[in-house]
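Topology and contacts: notes
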Amino acid sequence: MDDTTLGGYQQVHGRPPAFGAADGQAYSVAAFTEDTDGRFGAALLFVRWGEGEQRPVGHLETEYLAFGATPDAALAPLLALPLAQVKAHLDALVEQARARV
């Protein structure tokens, strides 16, 4: 199994990948789905961890990045994303959050 993709990393390591972001914070990531009127949308949820804390202190999430007739079909493209692309989504969300402040 290749651990350079989101799904592969989760399978190999048994946990979500984590990243340091441009805001100096640590984030872990997971993909999720929601029913959007008969089809499923999939997005990435980045959980921000407090410095030295064992609990989340915030989060960022993408818009829906993929859609499918089932949750698995919607999740498949996100789980196949290379970790570098997942990190690029995090960096873009951090920049968007900074621009709103």
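Below is a summary of the structure that appears in this document. Here the structure is a predicted model, which is why all the values come from computation and not from measurement. (Residues numbered from 1 in each chain as written. Predicted model: local features only at pLDDT ≥ 70, side-chain atom pairs only at ≥ 80, totals over all residues. Heavy atoms only, no water.)

Focus on the packing of aromatic side chains
Enumeration over the complete set of coordinates arrives at one aromatic pair. Between Y64 and F67 the ring centres are 5.7 Å apart and the planes differ by 65 degrees, which places this aromatic pair in the edge-to-face class. Judged by its relative accessible area of 31%, Y64 is partly exposed. One cation-aromatic arrangement involves R39 over F67; the distance from NZ or CZ to the ring centre is 3.9 Å. (Phe/Tyr/Trp six-rings, centres within 6.5 Å; stacked < 30°, edge-to-face > 60°. Buried < 20%, exposed > 50% of the residue type's maximum accessible area, 1.4 Å probe, protein only. Lys NZ or Arg CZ within 6 Å of the ring centre and 35° of its normal.)

Some thoughts on the pattern of salt bridges
Counted under the stated rule, the structure contains two salt bridges. Here K87 and D91 are joined by a salt bridge, their closest N and O atoms 2.8 Å apart. Of this pair, K87 and D91 both sit in helix α3 (residues 83-100), four residues apart, which is roughly one turn of that helix. When its relative accessible area of 23% is taken as the criterion, K87 is described as partly exposed. On the accessibility criterion, D91 (26% relative accessible area) is partly exposed. (Salt bridge = Lys/Arg side-chain N within 4 Å of Asp/Glu carboxyl O. Helix = DSSP H or I, 4+ residues; strand = E, 2+ residues; numbered from the N terminus.)

Let's talk about the nonpolar core
If you look at the biggest cluster of nonpolar residues, it comprises 21 residues, and the most contacted ones within it are Y27, V29, L44, F46, L60, V86 and L90. Where this core is concerned, the elements lending two or more residues are α1 (6-13), β2 (26-35), β3 (40-49), α2 (71-79) and α3. Among the elements that line this core, the one with the most residues is α3, at five residues. Sequence-distant contacts of L60, defined by excluding residues within four places in its chain, comprise Y27, L44, L45, F46, L90, L93, V94 and A97. (Core = buried A, V, L, I, M, F, W, Y, C linked by side-chain atoms within 4.5 Å. Contact = heavy atoms within 4.5 Å.)

With respect to α3
The terminal C-alpha atoms of α3 lie 26 Å apart, and with 18 residues this matches the ideal 26 Å at 1.5 Å per residue to within 8%. Buried-residue contacts for α3 involve α1, β1 (18-20), β2, β3 and β4 (56-61). (Expected span 1.5 Å × (residues − 1).)

Overview of the environment of A88
By the secondary structure assignment, A88 is in helix α3. In this structure the C-alpha to C-alpha distance between A88 and D3, which are 85 residues apart in sequence, comes to 17 Å.

Side note on α2
Every buried residue of α2 is accounted for by A74, L75 and L78. The arc that holds every buried residue of α2, seen down its axis, measures 90 degrees, which confines them to one face. Where α2 is buried, its residues touch α1, β2, β3 and β5 (66-68). (Arc of directions from axis to C-beta.)

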